[in-house]
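# An overview of the molecular structure
The lines below spell out each chain.
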Amino acid sequence: MSEHETALWWARRDLRVHDNYALTHAARADDVLPVYVFDPGNYGEREYGGPESFAFEKTGVRRARFVVESVRDLRESLRDGGNDLLVARESPARALAGVAEAVDADVVYCERYPTPEEHDARAAVEAALPEGTRLATRWGSTLYHPEDLPMAVADVPDTFTPFRRDVEHAPDCEPRDPLDEPALPPVPDALADGDLDAGTIPTPTDLGVADATDWRAVAPTDERAVLPFDGGETRGLERVREYVWQRDRLRQYKQTRNGLLGSDYSSKFSPWLAHGCLSPRYVNREVEAYERERVANDSTYWLGFELLWRDFFQFQFAKHGSQHFQRDGIRERDDVEWTGSDRLLDAWKRGETGVPFVDANMRELNATGYMSNRGRQNAASFLANNCRVDWRRGAAYFETVLVDYDPASNYGNWAYQSQVGNDARDSYFDVVKQARRYDSDADYVKRWCPELEPLPPEYAHEPWTMTPAEQEAHGVVLGEDYPEPVLNLAASYEKLR
Ligand SMILES: Cc1cc2nc3c(=O)[nH]c(=O)nc-3n(C[C@H](O)[C@H](O)[C@H](O)COP(=O)(O)OP(=O)(O)OC[C@H]3O[C@@H](n4cnc5c(N)ncnc54)[C@H](O)[C@@H]3O)c2cc1C
């Protein structure tokens, strides 16, 4: 190896300069070139393999916008630090091999993830690198480092509670301190001299995202959105300051987290965490500072509890790999009769099932790219348990549309709700009971299904219980103003009991 070391940092779903292991290691070289690759495989239509495979759109316009904004923000931060970000649009293997060759790189640093697609992309890059360039990976996306867990990843329990107890009670198991933003060495000469082009950042339209002909039209999003969700580390860090310190909402998080309306019932950190604009260890440090300076209570504990759920799913995928994406799940359940019903699936996607709590949540998702945790649990349980539509179709739709899509969190939660994943019990949600409990005055369903506005809350949640005369009297006629239910809900629960 030459004395002079040149490193590439392949930015993946770690689009930040704070607390970034891969970047920090790369920045120890004599020169470093950060590279982000828009992989065409992540955009456009894709096939979901396995039994009864189906096609789905990999990335919807809102998440594409979030990624584009995050990459732009990262480039600005790196330029402020005296460096740059090279942006390419081809397969990561081709792009990184080409850049490594052009700058005569000794090493490529990148973050490592537990999920198969991310693993395959890394393996392809490693195989394509020129002789003399090695790939070095770092784990950095979880609150707890896998090496600090009290058990090997292969032995992580398949249910959350024993995992949490083991982690919380292990004497030496603590989240690591976040790393400071590293001082950056210069870019390699080839970029500085103009022999290599830094590349332009594409728009969602350039990426070929469906419905993105006027992608700017999706920003700002629907005025009913809980937040605009602008991409990038700058905005992610701002959201932490805003939610924790300025608006002082952490002290009530446990009481408000099951809310449905407004920006502050929960943290809304998920899009920034999912794209790595925010580090979970940074969030944890802010929570600890808040506990010292303001208050330590069940709410401050609970945010860490939820971040542990996030870790749990990451480690589950590290343990079980692609089994989590299979229809029978890690429980290998071949006793469930799934249907591929397009009628039920399409009604669910459009938010026209005739079950208002489900419809309101799906309409919010379609209009904004976000849905609350309470909504996700109910929407998923309804499709998988009541409709018995192959849960992978619902999960793939969430994959397309969610701004905060994360493979392990999405497919892990879906499998869990669909009774094929990390839940030993065969639980399901009673969507009407949930609606009455969490939306007692029906404000939420009326926000997203305004045609139900004239109804008192009990009918707004169960419009099918109105007689034809009552429908006329309220001016909400089923089948005309609002859909008839796509299925007999009571009968579907009978089958589940
Ligand atoms: C069917 C289904 C699909 C989901 N898909 C995703 C997904 O693709 N990406 C995603 O980040 N979350 C997903 N979740 C988890 C959860 O709904 C969201 O993380 C949460 O609603 C985001 O809002 P928030 O940041 O305000 O959460 P908060 O309540 O403020 O929680 C703080 C953070 O903890 C983490 N978290 C909370 N609950 C969970 C959970 N159940 N599983 C994993 N992490 C959690 C998130 O990173 C979140 O940002 C899914 C849940 C369900 C039921």
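Residues numbered from 1 in each chain as written. Predicted model: local features only at pLDDT ≥ 70, side-chain atom pairs only at ≥ 80, totals over all residues. Heavy atoms only, no water.

## Points about the site of the ligand
Surrounding the ligand, one finds 26 residues, the nearest of these being Tyr 253, Ser 266, Ser 267, Lys 268 and Asn 373. Between the ligand and the protein, one listed contact pairs an oxygen atom with a side-chain N or O atom of Ser 267 at 2.6 Å. Separating an oxygen atom of the ligand from a backbone N or O atom of Lys 268 is a distance of 2.6 Å. Relative to its unbound accessible area of 820 Å², the ligand is 97% covered by the protein chains. (Near = heavy atom within 4 Å. Polar contact = N/O pair within 3.5 Å; in protein donor to acceptor, adjacent residues only side chain to side chain. Areas by Shrake-Rupley, 256 points an atom, 1.4 Å probe, with all protein chains shown as cover.)

## Digging into the packing of aromatic side chains
Counted according to the given criterion, the structure contains 33 aromatic pairs. Judged by centre distance (6.2 Å) and plane angle (55°), the rings of Tyr 48 and Phe 56 are tilted. Classification of Phe 56 as buried rests on a relative accessible area of 11%. Through a chain of ring-to-ring contacts, three or more aromatic side chains come together here, namely Trp 139, Phe 160, Phe 163, Tyr 301, Trp 302, Phe 305, Trp 309, Phe 312, Phe 313, Phe 315 and Tyr 416. A cation over a ring is seen here: Arg 12 above Trp 10, with NZ or CZ 4.2 Å from the ring centre. Here the basic side chain of Arg 376 rests over the ring of Tyr 370, its NZ or CZ set 5.2 Å away from the ring centre. (Phe/Tyr/Trp six-rings, centres within 6.5 Å; stacked < 30°, edge-to-face > 60°. Buried < 20%, exposed > 50% of the residue type's maximum accessible area, 1.4 Å probe, protein only. Lys NZ or Arg CZ within 6 Å of the ring centre and 35° of its normal.)

## A few points about helix α5 (residues 160–169)
The complete set of buried residues in α5 reads Phe 160, Phe 163, Arg 164 and Val 167. All buried residues of α5 project into a common sector of 95° when viewed along the axis, lining one side. (Helix = DSSP H or I, 4+ residues; strand = E, 2+ residues; numbered from the N terminus. Arc of directions from axis to C-beta.)

## Topic: the environment of Trp 338
With respect to the helices and strands, the residue Trp 338 is situated in the loop between α11 (298–320) and α12 (342–350). Remark: the alpha-carbon pair of Trp 338 and Arg 294, spanning 44 residues in sequence, is separated by 50 Å. Those residues in contact with Trp 338 that lie beyond four places of it in its chain are Arg 327, Ala 384, Arg 388, Val 389, Asp 390, Trp 391, Ser 418 and Val 420. (Contact = heavy atoms within 4.5 Å.)

## Concerning the packing of helix α14 (residues 373–386) against helix α21 (residues 489–496)
Running from N to C, α14 and α21 point in directions that differ by 70°, and their axes come no closer than 10 Å. For the element pair α14 / α21, the angle class is roughly perpendicular. Taking contact as the criterion, the partners of Phe 382, Asn 385 and Asn 386 in α14 are, on α21, Leu 489, Ser 492, Tyr 493 and Leu 496. Grouping the amino acids of the contact of α14 with α21 by side-chain chemistry returns four nonpolar, three polar and no charged. (Axes fitted to C-alpha atoms, helices over the stretch in contact; angles between N-to-C directions. Parallel < 35°, antiparallel > 145°, perpendicular 65-115°, else oblique. Nonpolar A, V, L, I, M, F, W, Y, C, P; charged D, E, K, R; others polar.)

## Details of helix α17 (residues 431–438)
Inspection of α17 places Val 431, Val 432, Gln 434 and Ala 435 among the buried residues, and these make up the whole buried set. Taken down its axis, α17 places every buried residue within 160° of arc, on the same side. Facing away from the buried side of α17, by more than 90 degrees, are the exposed residues Lys 433 and Arg 437. Tucked into the core, α17 has its buried residues touching α13 (356–368), α14, α19 (457–461) and α21.

## Digging into the pairing of strand β3 (residues 45–48)
If a strand is regular, its side chains alternate between the two faces of the sheet. Of the pairings in the sheet, the one linking β3 to strand β4 (residues 54–57) comprises four bridges and is antiparallel in character. In the sheet register, Arg 46 faces β4, and the bridge partner there is Phe 56. Counting the residues between successive antiparallel strands, the hairpin from β3 to β4 contains five residues, one of them, Gly 50, with a positive phi of roughly 90°. (Pairing = 2+ DSSP bridges.)

## Observations concerning unusual backbone geometry
A negative phi holds for most residues other than glycine; trans holds for most peptide bonds. Positive phi, normally seen in glycine, also occurs at Asp 19, with a value near 45°. The residue Gln 419 is not glycine, and still its phi comes out positive at about 70°. Topologically, Gln 419 is positioned in the loop between α16 (407–417) and α17. Taking relative accessible area as the criterion, Gln 419 reaches 5% and is therefore assigned buried.

## Quick look at the pattern of salt bridges
Applying the stated criterion across every chain, the model contains 33 salt bridges. The salt bridge partner of Asp 19 is Arg 281, with a shortest N-O separation of 2.7 Å. Separated by 262 residues along the polypeptide, Asp 19 in the loop between β1 (6–11) and α1 (21–26) and Arg 281 in helix α10 (residues 280–293) bring together distant segments of the chain. Of the residues examined, Asp 19 reaches a relative accessible area of 0% and is grouped as buried. Among the salt bridges present, the one from Asp 158 reaches Lys 319, with a minimum N-O distance of 2.9 Å. (Salt bridge = Lys/Arg side-chain N within 4 Å of Asp/Glu carboxyl O.)

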